[in-house]
Amino acid sequence: MSRRQLQRGTAMRGAVTASGIEPLDLTTVSDEDCPILHIDMDAFFAGVEELKHPWARGRPVIVGGTGGRGVVASANYAARRFGVHSAMPMSRALRACPDAVVFPPDGASYRRVSAAVMDILRSVTPEVEPLSLDEAFLDVSGARRRLGSPVRVATLIRERIRTEQRLTCSVGVASTKFVAKLASTHCKPDGLLFVPARHVRAFLHPLPLGALWGVGDKTEQTLARLGLRTIGDVAATPPETLRRELGVALGDRLAALSQGRDERRVVTDAPDKSIGAEETFAEDVADAGRIGRELLRLSEKVARRLRATGQVGRTVVVKLRRDDFTTITRSRTLPDYTDVGREISATARSLYAAAGLDGARLRLVGVRVEGLRAAAGVHRQLALDEPESGWRDAERVMDLVARRFGPAALRPAVLAERDEDDV
């Protein structure tokens with residue numbers, strides 16, 4: 001859970017209690033019109049580490065990088081009581097909780113357990129939309145005859161995950177994805193919250209603005225200038241006012257969400273919206289040459305992931321975070337789809353050069369490709385300077401070498417030079 005989600009969750013607990021919504025008697029309130037479930041594993045990475053290291057149970061556990069610029073990837077609830085949260089610098093987390101047990105991230109273990117959890121969900125219904133390794137939406141409309149009501153299905157899922165994986169999850173049950181996700185956040189850890197369709201506004205309206213999807217710091221400041229503090233305040237604001245202040249798309253979306261309306265359906269096997277990679281430097285870097293080399297390395301990594309998943313993209317995005325944590329993003333849409341590291345790198349470095357940050361100290365850089373499509377459905381035209389076989393074919397050979405001998409076996413010479421400089 002991110003810091004902002006944690007803050008939202010804390011605010012929601014107070015707001016919902018104040019609204020008077022209590023556990024409901026299902027003999028008097030039907031859940032038949034609430035087929036959407038949001039499953040969210042509790043402190044997932046930390047929970048997996050506790051399974052691997054039983055001696056750590058009952059102690060504060062933090063998962064994250066241990067270097068000078070390491071950040072928290074996950075923290076169990078014992079550590080969270082000390083104020084530790086994801087994305088917090090590890091140095092600060094350890095000052096807040098010096099007795100914590102720290103484990104480096106183990107992606108292979110997390111993916112393996114995640115796959116087992118997703119298998120449990122898909123055994124309930126094929127209508128599963130994974131959002132990440134540790135959360136997913138389900139539409140259980142088709143499971144009612146076999147397994148019972150949505151709340152009963154949610155109870156069965158929680159029991160199976162606890163029994164089969166020895167982990168806990170929190171589940172929100174509602175009529176829409178938006179409300180189901182808020183409900184799961186509200187009942188963490190190890191809880192189940194059902195929000196009946198007729199109680200949606202009573203549930204939503206006391207909540208703070210930050211609980212609305214699409215409301216970041218800047219949007220929240222804009223709404224606060226209008227005197228709006230809660231979702232109920234947004235719901236009471238004329239849509240025309242929201243459109244004028246926020247733009248048509250965002251204004252209409254927030255007006256709908258504030259009334260509990262969310263037309264999005266559960267999408268199974270949703271394609272990636274983007275593929276990216278980023279790197280936090282051990283020390284702030286101002287040298288443009290070193291930053292350019294890092295952008296090249298990240299571009300090569302993104303290109304390999306694109307080719308591995310059979311996808312191509314058109315929009316290249318760079319993320320540049322300064323030493324004061326100010327984050328700048330720049331993007332460019334290419335004439336053709338690509339999965340070629342050479343093209344992605346050239347665009348990324350051009351975007352960096354145009355950002356006006358020459359000499360600025362950067363803490364983090366990232367490269368992302370958006371606008372993805374299946375590579376098989378896209379025809380590519382060779383560029384004028386490409387060899388007849390194409391740069392893509394050359395990079396596919398590099399993929400084969402990397403899979404057999406490791407990513408450092410064959411790479412652009414400038415990256416090898418960088419390693420020599422760093423020795």
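Residues numbered from 1 in each chain as written. Predicted model: local features only at pLDDT ≥ 70, side-chain atom pairs only at ≥ 80, totals over all residues. Heavy atoms only, no water.

Scanning the protein chain from terminus to terminus reveals 17 helices and 13 strands. Of all 423 residues assigned to the protein chain, the portion counted as buried reaches 46%. Across the protein chain, every contact between residues at least 6 apart in sequence was considered, and the portion connecting residues at least 24 apart equals 68%. Element-wise, carbon and sulfur atoms account for 51% of the exposed surface of the protein chain, whose accessible area totals about 20900 Å². (Helix = DSSP H or I, 4+ residues; strand = E, 2+ residues; numbered from the N terminus. Buried < 20%, exposed > 50% of the residue type's maximum accessible area, 1.4 Å probe, protein only. Contact = heavy atoms within 4.5 Å. Areas by Shrake-Rupley, 256 points an atom, 1.4 Å probe, with all protein chains shown as cover.)

Whether parallel or antiparallel, the strands of a sheet pair through hydrogen bonds between backbone atoms. Spatially, the 5 strands line up as an open sheet ordered E5-E6-E1-E7-E8, and their pairing is mixed. A strand with exactly one partner marks an edge of an open sheet, and here the two such strands are strand E5 (128-132) and strand E8 (192-194). Recorded for the sheet is a direction-independent mean angle of 15° between the axes of neighbouring strands. Pairing of E5 with strand E6 (residues 135-139) involves 4 bridges; the strand directions are antiparallel. By the bridge assignment for E6, Ser132 is matched with Glu135. Each of strand E1 (36-41), E5 and E6 is contacted by helix H5 (residues 107-124), which is oriented at about 155° to E5, the strand it contacts most. (Pairing = 2+ DSSP bridges. Axes fitted to C-alpha atoms, helices over the stretch in contact; angles between N-to-C directions.)

Before going further, it helps to spend a moment on the sheet that holds strand E3 (residues 72-75). Spatial strand order, E3-E2-E4: 3 strands in an open sheet with mixed pairing. Edge positions in the sheet fall to E3 and strand E4 (101-103), since each has one partner strand and no second. Adjacent strand axes in the sheet meet at a mean angle of 25° when their direction is disregarded. Across 3 bridges, the pairing between strand E2 (residues 61-64) and E4 is parallel. Pairing of Val63 across the sheet is with Phe103, part of E4.

This part takes up helix H8 (residues 177-186). Where burial is concerned, most of H8 is hidden: 10 out of the 10 residues are buried. For H8, every residue scored as buried is listed here: Lys177, Phe178, Val179, Ala180, Lys181, Leu182, Ala183, Ser184, Thr185 and His186.

Leu37, Ile39, Leu138, Ile157 and Ile161 are the most contacted members of the largest nonpolar core, which totals 36 residues. Elements represented by at least two residues in this core include exactly E1, helix H2 (44-52), E2, E4, H5, E6, helix H7 (150-165) and strand E7 (169-174). The element best represented in this core is H5, accounting for 7 residues. Ignoring any residue separated from it by four or fewer positions in sequence, one finds Ile39 in contact with Leu121, Asp134, Glu135, Ala136, Leu138, Ile157, Ile161, Cys169, Ser170 and Val171. Grouped together as the second largest cluster of nonpolar side chains are 31 residues, Ala180, Leu182, Ala211 and Leu223 included. (Core = buried A, V, L, I, M, F, W, Y, C linked by side-chain atoms within 4.5 Å.)

These results come straight from atomic positions and should not be treated as a statement about function.
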